[in-house]
Amino acid sequence: MCGIFGIVTKDEQPLGPILIDAARRLTYRGYDSVGAATISGSKIDLRKDTGRVDDVAARYNFAEMTGQRGITQLRWATFGEPSQVNSQPHLDSDGDLVGAHNGNVVNNVELRQQFMAEGLTVRSQNDGESCVHAVERYINKGYDFIDAIRLAYGDLQGDYAFVIGRINDDKLYAIKKGSGLVVGIGGSFTCVSSDLPSILPLTREIMRIQDGEIITLWPDRVELRSVKDGSLISRNTETVTETMDAVQKGGYPHFMLKEIHEQPQVARELLHLLESNPDVQTMLEKMRTARQLYFVGCGTSYHACLAGAVFFAKIAGRAAIPVLAPQFVPQYAPAVNYEDVGLFVSQSGETKDVLNALQSGEEKGITSFGLANVIGSTLTKATSCTLPLCCGYEISVPATKTFTNQVVAFLYLAYRLAGRDTAELAVIPDLMEKTLEMVTPQVAAIAPAVNKWNDLYCLGYGATYAMALEGALKLKEITYAHCEGMLSTEFKHGPLSAVTKGFPILFAAGPLDVSLIVSGINEVTCRGARAIAIGEEDARLRANASDLIALPKSTPEIASLLAVLPLQLLSYQMSVMRGFDPDFPRNLSKTLTVD
Ligand code: M6R
């Protein structure tokens, strides 16, 4: 959560357009506020406020900002409400230093009190400001800049990265502790950012920063030092070859719709890659003989774990325990040992809840594997091996293509564990294409009626239970309606009382579960509900449900995967109908590096 970007050039020049573009590309990390600062000689120009990049940049005319160094920050609020004063970057007491952070400084409240007691000028409640004062307090005591940052690092508890600059200097400084940080090296500039999308349009030469490293950025070089003892660290640059197409909308009105339509292609790429990935075998051998097998994730990634556990049991006869990452810590970690295996699942590979669970398992000797989209992320480094999801950038905050590829990866692993021919899965991408084509008009036909409701349910059973939870999460995430996902058989145990005339209930029906789902449908339609079934063409569903969103014919496991596509489209269409931006729903962030 939160995004930072800083750039250092040789001479003073227009930096506003570069900062605006970098901020736009980091919007997915937070959009409660945006700020930009440029530094030249003894001048700092700081502009910031709540709102989206284009709006704030236009209101404060970021485009005219010039300087020799620049910093921009996108905020996802944790410490301090979204407001102008809490927006970043922040100045120190005298306005000589300017800095911004991403992540969370967990002792922010205590630090602010200390700074005030020391006579520093504290203007906000925001922990980014504490990063600046933490450096300032040691500058005031006579330390040089690098030592001041090293000492500040010791004072600032939590997981964060920050970038800071000062007047009458020609450098920026950055530090990493827990949150992502990447450096870019261009011909006549260097830059630093929370993530690659803001760097790649400028340069392909990058350097990944590790925790506990301080970076000094000059226009033509960077220097890495250890926070521990200040010693120099040598690191080679890498050249990134990925294209930037993925971070453009490619003709779609929103990234979410583009990413929904990319699902067949990324599934195809993933299936190819898994066929030739040697880590698959290593993981399967350990999973086969594990005493207990845990699938661990949060949000959408947890839903993929639920589907994975059903596939493993049904296809490979191997029980796995799907668990929400934060609950893994008290519920399972105390009881695991070296005989157990955990598969930690995360799109970003930076979700703090997942990393905490991983650490708690590893402390007890568990063998840990990962399933992640962002290669080079903390999860990919912390596990003994990680399978990549091969989705490219997923910009839209609601996860879509990374979810379906997580499910495809689980299905593939279950097939391999069972010794089944994975060639049978090669039909998935075409079936996904066909599904999108078939369901788009069907979803459009029911969306206006469903959209009238602010309260709905999404039910499923077996692997479609995971899809129902995922559909409900998508609906609440981007329509702001209350939508609960539930096991279909549980609905009669209480929620049934919510049903009134026309109340919409979505039923994801696997082909083998139709009879069970039909019972659930009748329990609600006889009380006036509108039951919208999602499943393969089936006379029983046609006869009993109020509507049927028909999917192409496939196998029971693939059918459950396909059932999530109309739910993604329904949530997208309702979000747009309500006038919301599905890519950047309020209050959320794509990467949650906080507890
Ligand atoms: O990066 P991760 O997969 O670890 O993220 C976990 C959740 O925050 C994430 O899946 C979230 O639920 C999605 N934005 C929902 O669309």
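Residues numbered from 1 in each chain as written. Predicted model: local features only at pLDDT ≥ 70, side-chain atom pairs only at ≥ 80, totals over all residues. Heavy atoms only, no water.

(A) Quick peek at the pattern of salt bridges. What the rule picks out here adds up to 34 salt bridges. Residue Glu 394 is joined to Lys 590 by a salt bridge in which the shortest nitrogen-to-oxygen separation is 2.6 Å. Here Glu 394, found in the loop between β20 (385-388) and α13 (401-418), pairs with Lys 590, found in the segment after α19 (564-577); they are 196 residues apart in sequence, far enough to count as distant. The residue Arg 540 makes a salt bridge to Asp 538 at a minimum N-O spacing of 2.9 Å. Within the structure, one salt-bridge network assembled from shared partners comprises Arg 166, Asp 169, Asp 170 and Lys 171. (Salt bridge = Lys/Arg side-chain N within 4 Å of Asp/Glu carboxyl O. Helix = DSSP H or I, 4+ residues; strand = E, 2+ residues; numbered from the N terminus.)

(B) Region of interest: the domain arrangement of the protein. Split into domains, the protein comes out as domain 1 (3-248), domain 2 (252-420) and domain 3 (430-586). Each of domain 2 and domain 3 has a C-alpha centre, and the two are 25 Å apart. If you look at the interface, domain 2 gives 30 residues, while domain 3 gives 31 residues. Where domain 2 abuts domain 3, roughly 2600 Å² becomes buried across the two surfaces, and 71% of that area is made up of carbon and sulfur atoms. Interface area lost by domain 2 to domain 3 is led by His 254, Met 256 and His 303, which between them contribute 19%. (Domains from an automatic or database assignment. Contact = heavy atoms within 4.5 Å. Buried area = accessible area lost by both parts, 1.4 Å probe.)

(C) Quick look at the packing of aromatic side chains. With the rule as written, the count across this model stands at 15 aromatic pairs. With 4.7 Å between their ring centres and 50 degrees between their planes, Phe 295 and Phe 410 make a pair best called tilted. Taken together, the residues Phe 295 in strand β16 (residues 293-297) and Phe 410 in helix α13 connect sequence positions 115 residues apart. Comparing Phe 295 with Phe 410 shows no difference in burial state: the two are buried. Plain terms: the ring middles of Tyr 480 and Phe 580 are 4.3 Å apart, the flat faces sit at 35 degrees to each other, and that makes the pair tilted. Here Phe 580 lies in the segment after α19 and Tyr 480 lies in the loop between α15 (463-479) and β22 (482-487), a separation of 100 residues in the sequence. Tyr 480 gets classed as partly exposed once you look at its relative accessible area, which sits at 22%. (Phe/Tyr/Trp six-rings, centres within 6.5 Å; stacked < 30°, edge-to-face > 60°. Buried < 20%, exposed > 50% of the residue type's maximum accessible area, 1.4 Å probe, protein only.)

(D) Main features of the packing of helix α3 (residues 108-117) against helix α4 (residues 127-140). The interhelical angle for the contact between α3 and α4, taken along N-to-C directions, is 45 degrees, at an axis separation of 10 Å. Considering the angle they form, α3 stands oblique to α4. Remark: the crossing between α3 and α4 carries left-handed chirality. For the pair α3 and α4, the contacting residues are Asn 108, Leu 111, Arg 112, Gln 114 and Phe 115 in the first and Asp 127, Ser 130, His 133, Ala 134 and Arg 137 in the second. In the contact of α3 with α4, the residues fall into three nonpolar, four polar and three charged. (Axes fitted to C-alpha atoms, helices over the stretch in contact; angles between N-to-C directions. Parallel < 35°, antiparallel > 145°, perpendicular 65-115°, else oblique. Left-handed = near helix turned anticlockwise from the far one by under 90°. Nonpolar A, V, L, I, M, F, W, Y, C, P; charged D, E, K, R; others polar.)

(E) Quick look at the site of the ligand. If you check the shell around the ligand, you find 15 residues, and the closest are Ser 301, Ser 346, Ser 348, Thr 351 and Glu 477. A distance of 2.7 Å is found between an oxygen atom of the ligand and a backbone nitrogen or oxygen belonging to Gln 347. The separation between an oxygen atom of the ligand and a polar main-chain atom of Ala 399 is 2.9 Å. When isolated, the ligand has an accessible area of 410 Å², and the protein chains bury 91% of it. Listing elements by their share of the shell around the ligand, those giving two or more residues are α9 (299-316) and α15. Of the residues belonging to the shell around the ligand, the class tally is six nonpolar, seven polar and two charged. (Near = heavy atom within 4 Å. Polar contact = N/O pair within 3.5 Å; in protein donor to acceptor, adjacent residues only side chain to side chain. Areas by Shrake-Rupley, 256 points an atom, 1.4 Å probe, with all protein chains shown as cover.)

(F) Focus on the sheet that holds strand β24 (residues 530-536). Pairing within the open sheet is parallel, and its five strands lie in the order β22-β21-β23-β24-β25. Across the chains shown, the open sheet's two edge strands, defined by having one partner strand only, are β22 and β25 (547-551). Direction aside, neighbouring strands of the sheet carry axes that sit 20 degrees apart on average. Along the sheet, helix α14 (residues 428-450) contacts β21 (455-460), β23 (504-508), β24 and β25; its crossing angle with β25, the most-contacted strand, is approximately 160 degrees. (Pairing = 2+ DSSP bridges.)

(G) Layout of the side chain of Ser 488. Along the chain, Ser 488 turns up in the loop between β22 and β23. Not counting residues up to four positions away in its chain, the partners in contact with Ser 488 are Leu 459, Gly 460, Tyr 461 and Ile 517.

(H) Summary view of the pairing of β22. Pairing between β21 and β22: six bridges, direction parallel. Within β22, the position partnered with Gly 460 by the bridge is Leu 487. Regarding the hand of the β-α-β motif, the stretch spanning β21, α15 and β22 is right-handed. (Right-handed = clockwise from strand over helix to strand, strands pointing away.)

(I) Quick look at α4. Here α4 contains 14 residues, and its C-alpha end-to-end distance of 20 Å stays within 8% of the 20 Å for a straight helix at 1.5 Å per residue. Counting buried positions along α4 yields 12 of 14 residues, so the element is predominantly enclosed. Among all positions of α4, only Asp 127, Gly 128, Glu 129, Ser 130, Cys 131, Val 132, His 133, Ala 134, Val 135, Glu 136, Arg 137 and Tyr 138 are buried. Buried residues belonging to α4 abut β5 (90-91), β6 (97-105), α3, α5 (145-155) and β7 (158-166). Two or three places before Gly 128, at the opening of α4, Asn 126 has a side-chain oxygen 3.0 Å from that residue's backbone nitrogen. (Expected span 1.5 Å × (residues − 1).)

(J) Structural detail: α19. Given a rise of 1.5 Å per residue, 14 residues ought to cover 20 Å, and the 20 Å separating the end C-alpha atoms of α19 matches this to within 8%. Where burial is concerned, most of α19 is hidden: 12 out of the 14 residues are buried. The positive-phi residue at the C-terminal boundary of α19 is Gly 579, with phi of around 80 degrees.

(K) Broad picture of unusual backbone geometry. For the bond running from Gln 88 to Pro 89, omega is 0 degrees, close enough to zero to count as cis. With respect to the secondary-structure elements, Pro 89 resides in the loop between β4 (66-75) and β5. Phi is positive for Asn 61, which is not a glycine, with a value near 50 degrees. By secondary structure assignment, the location of Asn 61 is in the loop between α2 (53-59) and β4. Residue Asn 61 is classed as partly exposed on the basis of its relative accessible area of 34%.

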